[in-house]
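# What the coordinates show
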Amino acid sequence: MSKEQRINFSSKLAVVAAAAGSAVGLGNIWRFPYELGQYGGAAFLIIYVLFVVLLGMPIMLSEFIIGRMGQSDTVGSFRKLAPGGKWWIIGIMGVITSFLILGFYSVVAGWTMEYIYQAIANQFVSKDTATLTQVFVDFSTDTFRPIIWLIVFIIISAGIIMLGVKDGIEKSTKFLMPLLVIIIIALGIRAVTLPGGSEGLRFLFQPDFSKITSGVVLSAMGQAFFSLSLGMGCMITYGSYISKKNHLSHTVVEVTMMDTLIAVLAAVAIFPAVFSLGINPGFGPELVFITLPNVFAQMPGGYIWSILFFILLCVAALTSVISLMEVIVAYLVEEIKLKRMTATILVTIIILILGVLASLSIGVWKEVKIFNMGFFDLFDSITSKIFMPLGGLLISVFTGWVLSKKSIREELSTHGKFPTRYYNAFIFLVRYITPICISLVLLNQLGLGKWLGLS
Ligand code: PHE
């Protein structure tokens, strides 16, 4: 493909901003808190952080290496680095995973737009928890309203992908992300000082290990992959746009730290309020949309804060959706040789179909079940609990066992320019620790753990 069709990250900050823009999103502020709430708080947090360090960082580095070495989309990169092999199938898996994630993610992104609207219309004020819950349930189970927002959101994303104005997006991420952090901190301060808020902090930071089951471990692992955008070719695709001058391992550390910090801050803003207001911490996807409007209603200047917050949440979702779409569009353009415009339109139509299925599965199609789940839950579960860990497993095996050690070292040091003291540890991790760890969690969940004497 011609050079000008590829985005290229000009500066170091732009790389971090784009990768962080992909990583930071609904996963941090919407999904992380409710998973944490459902799976018992502090114990989940500890396992999560362990997975981020043990699996997340080495796999993100592996993806950057594969992308930057392969200089191609996720399928093409594997084809180039292992000609004649079947490794490109990992790339195809990534493209399918991107579609499925987009199917439910863009529905929630649409919800954030509804909440921008509600914030502007000053709808949170003087409503109690029961009313706010009802408002959310009425909205999310409605047949048309969420779908209209879904369409608006997808069209905006498609427009950005088509116009290739990613530069603008990256620049704005640099400015908007710190703003998001400030708002979450302000929310956190308000939440912690609510009467009874300290109960929430205890829930978050005082682990009860009796709550850990194989399902909790799998969910924490899935959340680590989901939140860091790993195991499905996103960071491979972005890696292919990173210049040789970038110090990859630094970028990995920065992105991972930022992503984890924002998730923890979001939880600090949410759980004290949850406990103070008597909301059920195990609520599920509605948790954030019920809790935070409550907090805004009790904050000085809550009107402005709430508008800003939902706008930023929507932008955070947008930069993640763009990175997901880019995986598919880059593949269609570079491998299938479609025009960028055609590829984007095709992808948009498929996401809309998946999104409508996911949205309806919360409302009128509640009864339609596949593997005992509605479409929304199905797309969510199979991606984060199966496809992404499996992709991550294969990516680390590919990096550890297929790529030559010499070429990895070259790539990491940019021909001796950067120190690579962590190199041996990295190779050890991707060869042994990461694949074994992911396999054990997956096997354990399948119930094979008992059989193998693991649990
Ligand atoms: N990491 C994003 C989030 O936390 C979601 C995402 C997953 C984006 C996979 C890209 C790829 O919201």
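What you see is a predicted model, and the numbers here were worked out from it, not measured in a lab. (Residues numbered from 1 in each chain as written. Predicted model: local features only at pLDDT ≥ 70, side-chain atom pairs only at ≥ 80, totals over all residues. Heavy atoms only, no water.)

## Section: the site of the ligand
Let me state the cut-off plainly: A single heavy atom is enough: if one lies within 4 Å of a molecule or strand, its residue is considered near that molecule or strand. Think of a polar contact as two N or O atoms within 3.5 Å of one another; within protein, one of them needs to be a possible hydrogen donor and the other a possible acceptor, and neighboring residues in sequence only count if both atoms come from side chains. Working definition of accessibility: Shrake-Rupley area with a 1.4 Å probe, residue cover restricted to the visible protein chains.
Taken together, 16 residues sit near the ligand, with Ala23, Gly27, Tyr105, Phe226 and Ser229 positioned nearest. With respect to the ligand, the backbone of Leu26 contributes an N or O atom lying 3.1 Å from an oxygen atom. Between an oxygen atom of the ligand and a main-chain N or O atom of Gly27, the distance comes to 2.8 Å. Look at the ligand: alone it shows 320 Å² of surface, and the protein chains cover 100% of it.

## Re the environment of Gly21
Note the cut-off: Numbering of helices and strands runs from the N terminus; a helix is a DSSP stretch of H or I covering at least four residues, while a strand is a stretch of E covering at least two. Only protein chains enter the calculation, and the probe is 1.4 Å; a residue is then buried if its accessible area is under 20% of its type maximum, exposed if over 50%, and partly exposed in between. Contacts are assigned to residue pairs with any non-hydrogen atoms lying within 4.5 Å of each other.
Its place among the elements puts Gly21 in helix 1 (residues 12-23). Relative accessible area serves as the criterion here: at 1%, Gly21 is assigned to the buried category. Put simply, Gly21 and Ala297 are 276 residues apart on the chain and 29 Å apart in space, counted from C-alpha to C-alpha. Contact partners of Gly21, with chain neighbours within four places excluded, come to Val16, Thr173, Met177, Ala316, Thr319 and Ser320.

## Some thoughts on helix 2 (residues 26-38)
Quick note on the threshold: An expected span of 1.5 Å times one less than the residue number is assigned to each helix. We define the bend at each residue as the angle formed by axes fitted to the 7 residues ending at it and the 7 residues starting at it.
Spanning 13 residues, helix 2 covers 17 Å between terminal C-alpha atoms, matching the ideal 18 Å at 1.5 Å per step. At Phe32, helix 2 shows its strongest bend, of approximately 35°, with the proline Pro33 following within four residues. Gly40 lies just past helix 2 and shows a positive phi near 95°.

## Quick look at a nonpolar patch on the surface
Our working rule: Patch definition: residues with relative accessible area over 30% and no salt bridge; like charges joined within 9 Å; nonpolar side chains (Val, Leu, Ile, Met, Phe, Trp, Tyr) joined within 5 Å. When a carboxyl oxygen of Asp or Glu is within 4 Å of a side-chain nitrogen of Lys or Arg, the pair counts as a salt bridge.
Where nonpolar side chains cluster on the molecular surface, the patch consists of Met162, Leu163, Met341, Ile345, Ile349 and Ile353 and spans about 590 Å² of accessible area. The greatest single-element share of the nonpolar patch, amounting to four residues, is contributed by helix 15 (residues 340-360). Relative to the helices and strands, Ile353 is located in helix 15.

## Considering the confidence of the model for the protein chain
Applied cut-off: pLDDT gives the predictor's per-residue confidence on a scale running from 0 to 100.
Scored by pLDDT, the protein chain comes out at a mean of 91, with 94% of its residues at no less than 70. By mean pLDDT, helix 19 (residues 448-452) is the weakest element of the protein chain at 59, and helix 5 (residues 88-120) is the strongest at 98. Within the model, the stretch residues 1-5 combines pLDDT values under 50 with six contacts to residues more than four positions away or in other chains.

## Thoughts on the packing of helix 5 against helix 6 (residues 129-140)
Worth spelling out the cut-off: The axes are straight lines fitted to the C-alpha atoms, using for helices just the contacting stretch, and the angles between their N-to-C directions are given from 0 to 180°. Throughout this description, any angle smaller than 35 degrees is read as roughly parallel, any larger than 145 degrees as roughly antiparallel, any in the 65 to 115 degree range as roughly perpendicular, and the remainder as oblique. What makes a crossing left-handed is the near helix being turned counterclockwise from the far one by less than a right angle; a clockwise turn instead makes it right-handed.
The interhelical angle for the contact between helix 5 and helix 6, taken along N-to-C directions, is 130°, at an axis separation of 12 Å. With respect to helix 6, the axis of helix 5 lies oblique. Seen along the crossing, helix 5 lies across helix 6 with a hand that is right-handed. Where helix 5 approaches helix 6, its residues Trp111, Glu114, Tyr115 and Gln118 are matched on the opposing element by Val135, Phe136, Phe139 and Ser140.

## Some remarks on the nonpolar core
In plain terms, the rule: We call a set of buried Ala, Val, Leu, Ile, Met, Phe, Trp, Tyr and Cys residues a nonpolar core when their side-chain atoms join them within 4.5 Å.
Membership of the largest hydrophobic core comes to 154 residues, with the highest contact counts inside it found for Trp111 and Phe310. The leading source of residues in this core is helix 14 (residues 302-334), at 20 residues. If we skip the residues at most four places from it in the chain, Phe310 touches Thr112, Tyr115, Ile116, Ala119, Phe124, Phe289, Pro293 and Phe296.

## Points about the environment of Val216
Checked against the element boundaries, Val216 lands in helix 10 (residues 214-227). With 189 residues separating them along the chain, Val216 and Gly27 place their C-alpha atoms 17 Å apart. In this structure, Val216 is in contact with Tyr39, Phe44, Ile47 and Lys211, ignoring residues within four places of it in sequence.

## Some remarks on the pattern of salt bridges
For the structure shown, the criterion picks out eight salt bridges. Of the charged contacts, one joins Arg68 and Glu411 as a salt bridge, the two residues approaching to 2.6 Å between their closest N and O atoms. Of the two residues, Arg68 is situated in helix 3 (residues 42-70) and Glu411 in helix 17 (residues 405-413); the sequence distance between them amounts to 343 residues. Classification of Arg68 by relative accessible area gives buried; the value is 0%. Judged by relative accessible area, Glu411 falls into the buried class, the value being 8%. In this structure, Arg145 and Glu114 form a salt bridge, with 2.8 Å as the shortest nitrogen-oxygen distance. Of this pair, Arg145 sits in helix 7 (residues 145-163) while Glu114 sits in helix 5, placing them 31 residues apart in sequence. Taken together, the salt bridges that share partners define one network made up of Arg31, Glu35 and Asp380.

## Looking at the state of the cysteines
Applied cut-off: We call a pair of cysteine sulfur atoms a disulfide when they lie within 2.5 Å.
Applying the stated criterion across every chain yields a total of zero disulfides. With no disulfide of its own, Cys234 lies 18 Å from the sulfur of Cys314, the closest cysteine sulfur. The exposure class assigned to Cys234 is buried, which follows from its relative accessible area of 1%.

## Some details on the environment of Leu443
Following the sequence through the fold, Leu443 ends up in helix 18 (residues 423-445). The partly exposed category is assigned to Leu443, whose relative accessible area is 28%. Each C-alpha atom of the pair Leu443 and Leu277 lies 39 Å from the other, and the pair is 166 residues apart in sequence.

## Here we look at the side chain of Gln118
The residue Gln118 is located in helix 5 in this model. Those residues within four positions of Gln118 in sequence are excluded, and the remaining contacts are Gln123, Phe124 and Val135.

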